[in-house]
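Each chain is listed here by its residues.
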Amino acid sequence: MKLGMNTNSVTKVTVAKTLLPAGMNVLEGEFEVTEGGPDCDREYLLEMVAGSAALIADPTVPVDGEVLDAAGSELKVVANYAVGYDNIDLGACASRGVIVTNTPDVLTDATAELAVGLTFAAARRIPEFEGELRAGRWTGWDPGGYRGIELTGCTIGVLGMGRIGRRYAEIMSGVAGRILFWSRSGLPAVEQELGARQVGLHDLLAESDVVSIHVAASPENEGMIGSGEIAAMKPGSILVNTARGSLVVASAVAEALASGQLGGAGLDVFENEPEVPRVLLDAPGAVLTPHIGSATFRARDEMARLAARNVREVLSGRDPVTPVG
Ligand code: DGY
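Not measured: the values here are computed from a predicted model.

Along its sequence, the protein chain is organised into domain 1 (2-106 + 297-315) and domain 2 (108-288). The straight-line distance from the C-alpha centre of domain 1 to that of domain 2 is 33 Å. Across the domain 1 to domain 2 interface the summed buried area is about 540 Å²; carbon plus sulfur atoms make up 45%. Applying the counting criterion to the domain 1 and domain 2 interface returns two salt bridges. Of the charged contacts in the structure, one is a salt bridge between arginine 163 and aspartate 105, with a shortest N-O distance of 2.8 Å. Summed over the shared surface of domain 1 and domain 2, the result is three residue pairs in polar contact (both at pLDDT 80 or more).

Let us now look at the pairing of strand β6 (residues 155-159). Buried residues dominate β6, accounting for five of its five residues. Here β6 shows no split at all, with Thr155, Gly157 and Leu159 on one side and Ile156 and Val158 on the other all buried. Here β6 pairs with strand β7 (residues 178-182) via five bridges, running parallel. Looking at β7, one finds that valine 158 is bridged to phenylalanine 181. Each parallel crossover has a hand, and for β6 linked through helix α7 (residues 163-172) to β7 it is right-handed.

Moving on, we come to the sheet that holds strand β11 (residues 262-267). With respect to topology, seven strands assemble into an open sheet ordered β8-β7-β6-β9-β10-β11-β12, the strand pairing being parallel. Of all strands in the sheet, those with a lone pairing partner are β8 (197-198) and β12 (286-288), marking the two edges. Pairing of strand β10 (residues 237-241) with β11 involves five bridges; the strand directions are parallel. If you follow serine 237 over to β11, its bridge partner there is leucine 262.

Time to look at the pattern of salt bridges. Tallied over the full model, the rule gives 20 salt bridges. Taking the shortest distance from any N to any O, the salt bridge between aspartate 109 and arginine 167 comes out at 3.0 Å. With aspartate 109 in helix α5 (residues 108-123) and arginine 167 in helix α7, this residue pair connects regions lying 58 residues apart in the sequence. You can call arginine 167 partly exposed: its relative accessible area is 27%.

The next thing to look at is a nonpolar patch on the surface. Together, Leu133, Trp138 and Tyr146 give the surface a local cluster of nonpolar side chains, amounting to about 330 Å² of exposed area. Here leucine 133 shows up in helix α6 (residues 126-134).

What follows is about the site of the ligand. Around the ligand, the surrounding shell consists of Ala82, Val83, Gly84, Leu107, Arg244, His291, Ser294 and Arg300. Between glycine 84 and the ligand, the recorded distance is 2.9 Å, taken from a backbone N or O atom to an oxygen atom. Contacts to the ligand include serine 294, whose side-chain N or O atom sits 2.7 Å from an oxygen atom. With the chains in place, 92% of the 240 Å² that the ligand exposes on its own is no longer accessible. Residues of the shell around the ligand, tallied by class, amount to three nonpolar, three polar and two charged.

Each value, and the rule that gives it
- Residues numbered from 1 in each chain as written.
- Predicted model: local features only at pLDDT ≥ 70, side-chain atom pairs only at ≥ 80, totals over all residues.
- Heavy atoms only, no water.
- Domains from an automatic or database assignment.
- Buried area = accessible area lost by both parts, 1.4 Å probe.
- Salt bridge = Lys/Arg side-chain N within 4 Å of Asp/Glu carboxyl O.
- Polar contact = N/O pair within 3.5 Å; in protein donor to acceptor, adjacent residues only side chain to side chain.
- Buried < 20%, exposed > 50% of the residue type's maximum accessible area, 1.4 Å probe, protein only.
- Helix = DSSP H or I, 4+ residues; strand = E, 2+ residues; numbered from the N terminus.
- Pairing = 2+ DSSP bridges.
- Right-handed = clockwise from strand over helix to strand, strands pointing away.
- Patch = residues over 30% accessible without salt bridge, like charges linked within 9 Å, V, L, I, M, F, W, Y side chains within 5 Å.
- Areas by Shrake-Rupley, 256 points an atom, 1.4 Å probe, with all protein chains shown as cover.
- Near = heavy atom within 4 Å.
- Nonpolar A, V, L, I, M, F, W, Y, C, P; charged D, E, K, R; others polar.

What follows is the structure, encoded as structure tokens:
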């Protein structure tokens, strides 16, 4: 799809996959915008990106030296249509003088709300019990049947106290007895404002009834919740991940659900999306959603707008609105 051809010097903007109209409207008339579409593969991207001044990518699009070289020396900005940017090789961008931007803030509420939803859905096994009803296996009210975990007064453990972790903690403070958090940086202000306590990773795992992951994906954080960490958690506790699949070892989660070490898991992200490991699909107590943390009407529109504004600012010689780093 092409928009707004400038006759003399056309500035080309490539959208690796698709950009919602809220973002297209920002670029319309000023740039020649080409979208790869939802099925755009690597080969097509390498071809399509040639001569672009901006590339709008998303978490499904790896942007590395090869893509940057295929774009060529005109490329000024890679605008990621997401807050996470583990799909982008920052070093390769920096060495070519390409600015990287992301879409923070506008998806904070949406993602935190999904984490809250997964927390309750896993605690009460809502999808599984709904499945029983739909399958016609519900035989009536049963005092011992379909029981789950009550969260009022529980200890919530927040791994990573960035914007989304903080919003999750705020919402959960309505039911939690206490909130613990782990962060690599000291955050005394957060402790005061939220009445939350910063603790070491082991203490957080050992004391929390729910552990919700909100750290960024990085080589340092890869597999940070594996079998050892899950064994250190309270028996029957709940694990929630709305950050990135690579942070968690899926087979360890599946084993712990099967053994009862985990009482439930709410997972929105997977290491090799859209593949979901069979062991998780089969695991009892796993609530699985298709990477929808930011998928509200409002957040996705705002993300599109912000990604497009970042492109427009950089290509107009101004500072990006939300640069990475
Ligand atoms: C993000 O912004 O990083 C989300 O995962 C996209 O939904």
